[in-house]
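# Fold and contact review
Here's the letter readout for the chains.
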Amino acid sequence: MNAKRAPAPKIPSSGDYLIASKSCELMNLQYFLQMGKLVQCISNLVHALQCERGASNVFLGSSGEKFARERQAMVEASDRLRGDFDQALAEIHQELTAHPVSSRLLNQLASALHGLEGLPELRRCVASRTITAASATEDYSGLIHSLIAVVFEAADTAVDPTIAGLLVAMVHLMNGKEFCGQERAVGSAGFSSGQFDRALSQRMMHLIEAQERCFEVFTSFADDQSLVLWQTLRSHAREAEIEKLRQLGASIGRYKPLDPSLADNWFGLMSERMDELKNIEDSVEGCFHARCIERFADARNSLAHQETLIASLDGPEPSSQSMLVLCESANETRAGETWASEGVGQQFGRSIFDLVQEQARRLQQMTDELQSAREALEDRKTQEKAVLLLMDHRKISNDEAHRVLRKLAMDQGRKLPEVARALVSMADVLK
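Residues numbered from 1 in each chain as written. Predicted model: local features only at pLDDT ≥ 70, side-chain atom pairs only at ≥ 80, totals over all residues. Heavy atoms only, no water.

## Topic: the overall build of the protein
Quick reminder of the rule: The way it works is that DSSP assigns letters per residue, a run of H or I at least four long becomes a helix, a run of E at least two long becomes a strand, and they are numbered from the N terminus. In this scheme, a residue with accessible area under 20% of its type's maximum is buried, one over 50% is exposed, and one in between is partly exposed, where area comes from a 1.4 Å probe on protein chains only. Working rule for contacts: check all heavy atoms of both residues, and any pair within 4.5 Å makes them a contact. Note on areas: Shrake-Rupley, 1.4 Å probe, and residue coverage restricted to the protein chains presented here.
Summing up its helical and strand segments, the protein has 14 helices and 2 strands in all. Out of the 431 residues belonging to the protein, those deemed buried represent 44%. The long-range share in the protein, meaning contacts at least 24 apart out of those at least 6 apart in sequence, stands at 77%. Counting only carbon and sulfur atoms, one obtains 54% of the accessible surface of the protein, whose full area is about 22,700 Å².

## Focus: helix 8 (residues 224–234)
Let me state the cut-off plainly: Directions pointing from the helix axis toward each C-beta atom define the arc.
What helix 8 keeps buried is the set S226, W230 and L233. In an axial view of helix 8, the angular spread of the buried residues amounts to 60 degrees, which keeps them on one side of the axis. Exposed side of helix 8, more than 90 degrees from the buried face: D224, Q225 and V228 are the residues found there. Against helix 7 (198–221), helix 9 (237–250) and helix 10 (262–312) lie the buried residues of helix 8.

## Notes on helix 4 (residues 119–128)
All of the buried residues along helix 4 are L119, L122, R123, C125 and V126. Down the axis of helix 4, the smallest arc covering the buried residues is 160 degrees, so these residues share one side. Packing partners of the buried residues in helix 4 comprise helix 1 (14–61), helix 2 (68–98), helix 3 (103–117) and helix 5 (133–156). Where helix 4 ends, the next residue or the one after it, R129, has phi of about 55 degrees, a positive value.

## Structural notes on empty space enclosed by the protein
Inclusion rule: Method remark: on a 1 Å grid restricted to protein atoms, a set of points is classed as a cavity if a 1.4 Å probe fits but cannot get out and as a pocket if it is open with protein on both sides within 12 Å along at least five of seven lines; lining residues have an atom within 4 Å of a point. Grid points are joined across faces, edges and corners, and a volume is the space filled by probe spheres set on the points.
Inspection of the entire model under this criterion finds 1 cavity of 30 Å³ or more. Computed from the structure, the largest cavity encloses a volume of approximately 40 Å³. R53, G54, N57, G181, R184, A185 and F267 together form the lining of the largest cavity. Within the residue set of the lining of the largest cavity, elements represented by two or more residues are helix 1 and helix 6 (161–193).

## Re the state of the cysteines
The condition is simple: Disulfides are defined in this document as cysteine sulfur pairs within 2.5 Å.
By the definition in use, this model includes 0 disulfides. Cysteine C292 remains unbridged, with the sulfur of C287 as its closest cysteine sulfur at 9.7 Å. Residue class for C292 comes out buried when judged on its relative accessible area of 1%.

## Observations regarding the environment of D223
How we decide: Nitrogen and oxygen atoms within 3.5 Å of one another constitute a polar contact, given that in protein one can donate a hydrogen and the other can accept it, and given that sequence-neighbouring residues count only through two side-chain atoms.
Considering the arrangement of structural elements, one finds D223 in the loop between helix 7 and helix 8. Sequence separation between D223 and A169 is 54 residues, and the spatial gap between their C-alpha atoms is 8.6 Å. Not counting residues within four places of it along the chain, the set of residues in contact with D223 comprises L166, S283, V284 and C287. Within the local environment of D223, its side chain forms a polar contact with the side chain of S226, the two groups lying 2.7 Å apart.

## Overview of the layout of surface pockets
Its boundaries defined by the atoms lining it, the second largest pocket holds a volume of some 420 Å³. Surrounding the second largest pocket, 15 residues form its lining, C24, M27, N28, Y31 and V101 being those nearest its centre. Contributing elements (two or more residues each) for the lining of the second largest pocket: helix 1 and helix 11 (346–394). It is helix 1 that contributes the most residues to the lining of the second largest pocket, 7 residues altogether.

## Details of the side chain of E239
Along the chain, E239 falls in helix 9. Residue classification places E239 among the buried positions, given a relative accessible area of 14%. In this structure the side chain of E239 is engaged in a polar contact, spanning 2.9 Å, whose partner is the side chain of R273.

## Observations regarding the pattern of salt bridges
Let me state the cut-off plainly: One speaks of a salt bridge when a side-chain nitrogen belonging to Lys or Arg is within 4 Å of a carboxyl oxygen belonging to Asp or Glu.
Evaluation of the coordinates by the stated rule reveals 20 salt bridges. When the shortest N-O distance is used, the salt bridge between K66 and D264 registers 3.6 Å. Separated by 198 residues along the polypeptide, K66 in the loop between helix 1 and helix 2 and D264 in helix 10 bring together distant segments of the chain. Taking the relative accessible area as the measure of exposure, K66 reaches 40% and is therefore partly exposed. A salt bridge links R414 to E418; the nearest nitrogen and oxygen atoms lie 3.8 Å apart. Taking the relative accessible area as the measure of exposure, E418 reaches 32% and is therefore partly exposed. One salt-bridge network, held together by shared partners, links R238, E239, R273 and E276.

Next up, the structure:
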């Protein structure tokens with residue numbers, strides 16, 4: 001008695017892969033719906049840590065006489081928001097690890113979590129005043145940078161241009177706000193001591209320039225509502241007051257000491273500015289979330305429509321024919337080339353082919369629209385690589401490397417990203 005043969009596996013059809021292509025888009029958009037919650041939690045946690053850093057800076061700078069109670073309240077707020085971040089990360093953990101979309105993103109998450117593990121020890125050193133204000137600021141800044149870098153890597157994985165653009169706006173706004181927070185710390189140190197030495201003044205000027213570069217990219221990709229909030233911030237009377245204080249800080253070699261009471265005014269103005277920047281962050285995040293929901297609904301409806309359409313197409317006809325396909329570009333099947341549709345009816349084959357071509361054109365259009373967002377992210381990566389090369393080759397600080405890069409761009413009359421790319425291309429020569 002012959003054993004029954006196992007049924008032959010079904011050979012996937014072009015329709016199956018077309019549906020799979022649409023399903024892949026849908027899964028990507030669903031992933032970004034979840035990622036949006038994580039981005040929001042990172043934004044909130046970063047802002048809380050920036051507030052905690054500022055309070056710790058004042059606490060240490062005043063030998064523990066100021067902001068002791070405020071700092072403790074900010075520590076508790078940061079811990080609550082850390083819990084929200086952990087919860088959001090747990091909810092998306094399966095999607096991140098089962099089908100990894102980016103090894104760089106996963107590695108950056110590992111770096112951020114490692115930094116958060118060291119936060120209790122940093123706080124203990126601040127509370128016992130066994131760390132300087134400058135060192136505490138540096139440690140907090142490193143942790144904050146690692147969290148913002150998670151958003152950067154998330155932006156780099158987006159395949160929908162509207163979603164990618166908003167994430168590019170978000171991460172550059174977050175970076176600009178972080179430079180603003182570091183400028184607050186530098187200004188507080190200078191005004192508290194009654195003077196700005198050359199290093200402190202140059203550090204302030206570097207942070208101001210870094211903010212402007214970030215905000216320039218932000219305005220190129222932000223939504224209309226967030227841009228209105230940005231213009232409101234820029235036109236606020238507070239900005240003129242900040243500019244006056246900045247000019248005092250940038251006046252190297254002044255003989256008359258500064259009034260130390262200016263430190264409180266400076267800290268208050270910069271804190272208000274950072275709070276408004278956080279409101280703009282919230283606006284961008286809200287638009288990002290709404291856009292994800294909108295694109296997810298569109299993709300789901302498109303998938304359902306194509307599934308219905310393919311199911312309704314004619315099945316195999318009695319005879320299989322080769323059909324003449326006339327295409328619109330050289331990237332498609334060449335004019336006059338026959339497309340054999342073995343086992344598929346001519347009407348069915350022609351319909352499937354049209355759907356495949358439509359999907360290909362749409363994906364190419366999305367890729368083209370993604371180009372500007374990807375270029376903005378790539379420019380940032382390249383500049384960071386160029387700065388690291390200069391630091392290693394010339395044995396200089398991060399700030400000095402940025403100044404060298406800017407001077408090279410100015411002397412050559414070229415844009416900063418162009419000079420950075422040229423330096424990175426010469427990496428082997430510099431070694």
